[in-house]
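Survey of secondary and tertiary structure
Residues per chain, in single letters:
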Amino acid sequence: MVLTSYAQQVQLPIYIPAVNVSITALSANGMPLTKYAIVGLSCAEYNVSNLGLVSAVIPIPSTGSITCKAYAYSFGMYSSKTIVLTANESGEAISVTLVIPVSGYYVPGIGFVPLGTLVTIAIVILITIILIVIGLMKYARWRRERLARLIRPPE
């Protein structure tokens with residue numbers, strides 16, 4: 001005779017206190033750096049990073065708090081902020097905006113261009129125009145001298 005035992009399965013909900021943390025990066029003039037910034041969140045045993053936006057659910061202790069560091073890096077500049085999560089914030093969504101001290105503008109078809117790059121491009125264009133003008137002036141002088149030699153008979 002074979003004894004078979006059937007256990008009744010009961011699903012018990014387990015509640016883990018957690019906070020949903022969203023981190024976004026903005027430039028100094030308020031432009032979102034969604035494709036140009038590495039954004040991350042570092043907590044005790046939880047590290048996550050992504051390009052542009054990070055959204056993570058962080059489990060927190062039922063008593064006490066957990067300290068996390070939100071950071072963003074773009075175009076050689078860095079910004080960070082410390083966040084303290086407590087059990088009182090359990091179930092909430094916390095939004096963190098990090099301002100990276102990089103200025104720039106959105107150029108259609110290209111994307112976000114830092115102000116330093118725009119200044120460099122403007123200087124290169126200005127130098128190119130100056131060299132072209134100098135070259136045209138030299139050419140005009142050479143041409144006048146050549147025509148003067150053709151008109152004036154040699155001595």
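All values reported here derive from a predicted model rather than from experimental measurement.

1. Some details on the sheet that holds strand E1 (residues 18–26)
- Spatial strand order, E4-E1-E7: three strands in an open sheet with mixed pairing. Pairing within the sheet leaves two strands with one partner each, and these edge strands are strand E4 (53–59) and strand E7 (93–99). Taking each pair of neighbouring strands and ignoring which way they run, the sheet shows an average axis angle of 20 degrees.

2. Some points on unusual backbone geometry
- For Phe75, which is not glycine, the phi torsion reads 50 degrees and is therefore positive.
- Structurally, Phe75 is set in the loop between strand E5 (65–74) and strand E6 (77–86).

3. Let's talk about the environment of Gly76
- Tracing the chain through its elements places Gly76 in the loop between E5 and E6.
- For Gly76, a relative accessible area of 52% corresponds to the exposed category.
- A C-alpha to C-alpha distance of 23 Å links Gly76 and Ser55, two positions 21 residues apart in sequence.

4. Details of the pairing of E4
- Burial of E4 is one-sided: the residues Val54, Ala56 and Ile58 facing one way are buried, the residues Leu53, Ser55, Val57 and Pro59 facing the other way are not.
- Relative to E4, E1 runs antiparallel, the two sharing seven bridges. What sits directly across from Ser22, in E4, is Ser55.

5. Topic: the pairing of strand E8 (residues 104–107)
- Across four bridges, the pairing between E8 and strand E9 (residues 111–114) is antiparallel. Bridge pairing links Val107 to Gly111 in E9.
- Connecting E8 to the antiparallel partner E9 that follows it, the hairpin turn spans three residues, and Gly109 within it adopts a positive phi of roughly 85 degrees.

6. Some thoughts on the pattern of salt bridges
- For the structure on display, the rule yields one salt bridge.
- A salt bridge links Arg141 to Glu145, with the shortest nitrogen-to-oxygen separation between them at 3.4 Å. Of this pair, Arg141 and Glu145 both sit in helix H1 (residues 115–151), separated by four residues, roughly a single helical turn.
- Residue classification places Glu145 among the partly exposed residues on the basis of a relative accessible area of 37%.

7. A few points about the packing of aromatic side chains
- Under the criterion given, the structure shown has two aromatic pairs.
- On the numbers, 5.8 Å between centres and 35 degrees between planes, the contact of Tyr139 with Trp142 is tilted. Here Trp142 and Tyr139 lie together in helix H1, a separation of three residues that amounts to about one turn.
- With relative accessibility at 44%, the residue Trp142 sits in the partly exposed group.

8. Some remarks on the nonpolar core
- Judged by nonpolar contacts, the single largest core of 25 residues is most densely connected at Val21, Ile23, Leu41, Ile58, Leu85 and Val96.
- For this core, the elements supplying multiple residues, two or more each, are E1, strand E2 (38–42), E4, E5, E6 and E7.
- Excluding anything up to four places from it in sequence, Val21 contacts Leu41, Val54, Ser55, Ala56, Ile58, Ile83, Leu85, Ile94 and Val96.

9. With respect to a nonpolar patch on the surface
- On the surface, a nonpolar cluster with roughly 840 Å² of combined accessible area is contributed by Tyr105, Leu115, Val119, Ile123, Leu126, Ile127, Ile130, Leu131 and Ile134.
- Sorting elements by how many residues they give to the nonpolar patch places H1 first, with eight residues.

How each quantity is defined
Residues numbered from 1 in each chain as written. Predicted model: local features only at pLDDT ≥ 70, side-chain atom pairs only at ≥ 80, totals over all residues. Heavy atoms only, no water. Pairing = 2+ DSSP bridges. Helix = DSSP H or I, 4+ residues; strand = E, 2+ residues; numbered from the N terminus. Axes fitted to C-alpha atoms, helices over the stretch in contact; angles between N-to-C directions. Buried < 20%, exposed > 50% of the residue type's maximum accessible area, 1.4 Å probe, protein only. Salt bridge = Lys/Arg side-chain N within 4 Å of Asp/Glu carboxyl O. Phe/Tyr/Trp six-rings, centres within 6.5 Å; stacked < 30°, edge-to-face > 60°. Core = buried A, V, L, I, M, F, W, Y, C linked by side-chain atoms within 4.5 Å. Contact = heavy atoms within 4.5 Å. Patch = residues over 30% accessible without salt bridge, like charges linked within 9 Å, V, L, I, M, F, W, Y side chains within 5 Å. Areas by Shrake-Rupley, 256 points an atom, 1.4 Å probe, with all protein chains shown as cover.

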